[in-house]
Amino acid sequence: MWVYEKKLQYPVRVSKCDPRMAKLLLEQYGGADGELAAALRYLNQRYSIPDKVIGLLTDIGTEEFAHLEMIATMVYKLTKDATPEQLEAAGLAAHYVNHDSALYYQNAAGVPWTATYIQAKGDPIADLYEDIAAEEKARATYQWLIDMTDDVDLQDGLKFLREREVVHSLRFREAVEILKEQRDAKKIF
C-alpha cells in the first residue's frame, strides 16, 4: 500500500538549539489539531465515506504521517544539544524527567494526546467539513509557529507544512462539492 522512501517529504533544517521552539512544535506533534490526530482522523473516516473520496482520505492521511515525521525531526534537532538547564528554562523539565529526549505524543502545554481528538460522524459531508476545519486550524497554528521563531531554516520547513495544509483544505472542499452533487442527484445517502 505504501512505499516508504527513507527521506523526509521536505528537508528539515534548523539553525540553532532552541528548546522553547521545540516545546511549541509539540502542538503539531500531539495536539488536537496536530499531524497525528489528522492522520488517524482521515484514515479512520475513509471506511465510512463513498468510493469517490476514499483515495483522497487515504492519500492525505498518509501524507500527515510524513508531516508528523518532519515535526519529530524538527523537535529532535532543536533539542539534541540542549542541556537539562535549557530544557527546564523552556518549560520542558517535566518532559525531560519523564521521557529524556524521547518524543511523547503531547501538546505544547504537556497534555497527552487522546483519541477524543479524532472526529468521525459517519456522515461524509459532515466529516469532510470537520476535515476542512482541522486543516485550517493546522494552517493557522503553522503560521503562529512561523511567527514565533527567527530561525529562517526552521521557518522554511514550517512554511512547507503550512502550504500543504492549504492544499489539503482545498482538496477536501472539492470532495464536499462532489458528494453534494451525488447527494442532490440522490445517488448516495
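Note that this is a predicted model, so its numbers are computed, not measured. (Residues numbered from 1 in each chain as written. Predicted model: local features only at pLDDT ≥ 70, side-chain atom pairs only at ≥ 80, totals over all residues. Heavy atoms only, no water.)

Turning to the overall build of the protein chain, a few remarks are in order. Along the protein chain, the regular secondary structure elements total 7 helices and 0 strands. Listed by position from the N terminus, the elements making up the protein chain come as α-α-α-α-α-α-α. The C-alpha radius of gyration of the protein chain comes to 18 Å, within 12% of the 16 Å expected for a compact globule of 189 residues. By residue count, 44% of the 189 residues in the protein chain fall in the buried class. Sequence-distant contacts in the protein chain: of pairs separated by 6 or more residues, those separated by 24 or more amount to 79%. By element, 54% of the accessible surface of the protein chain is carried by carbon and sulfur atoms, the whole surface being about 9900 Å². Treating the 23 positive side-chain charges of the protein chain as one cloud and the 31 negative ones as another, the clouds have centres 4 Å apart. (Helix = DSSP H or I, 4+ residues; strand = E, 2+ residues; numbered from the N terminus. Rg over C-alpha atoms; globule rule 2.2 N^0.38 Å. Buried < 20%, exposed > 50% of the residue type's maximum accessible area, 1.4 Å probe, protein only. Contact = heavy atoms within 4.5 Å. Areas by Shrake-Rupley, 256 points an atom, 1.4 Å probe, with all protein chains shown as cover. Lys, Arg positive; Asp, Glu negative; His and termini not counted. Charge placed at Lys NZ, Arg CZ, Asp CG, Glu CD.)

Our next topic: the nonpolar core. Counting 24 residues, the largest nonpolar core has Leu25, Ile71, Met74, Leu154, Leu158 and Leu161 as the members making the most contacts within it. Secondary structure elements with two or more residues in this core: α1 (19-30), α3 (51-79), α6 (124-147) and α7 (152-184). With 7 residues, the single largest contributor to this core is α3. With residues up to four places along the chain from it excluded, the contact list for Ile71 reads Leu25, Gln28, Tyr29, Glu35, Tyr142 and Leu161. With 15 residues, the next largest nonpolar core counts Tyr42, Val53, Ile60 and Phe172 among its residues. (Core = buried A, V, L, I, M, F, W, Y, C linked by side-chain atoms within 4.5 Å.)

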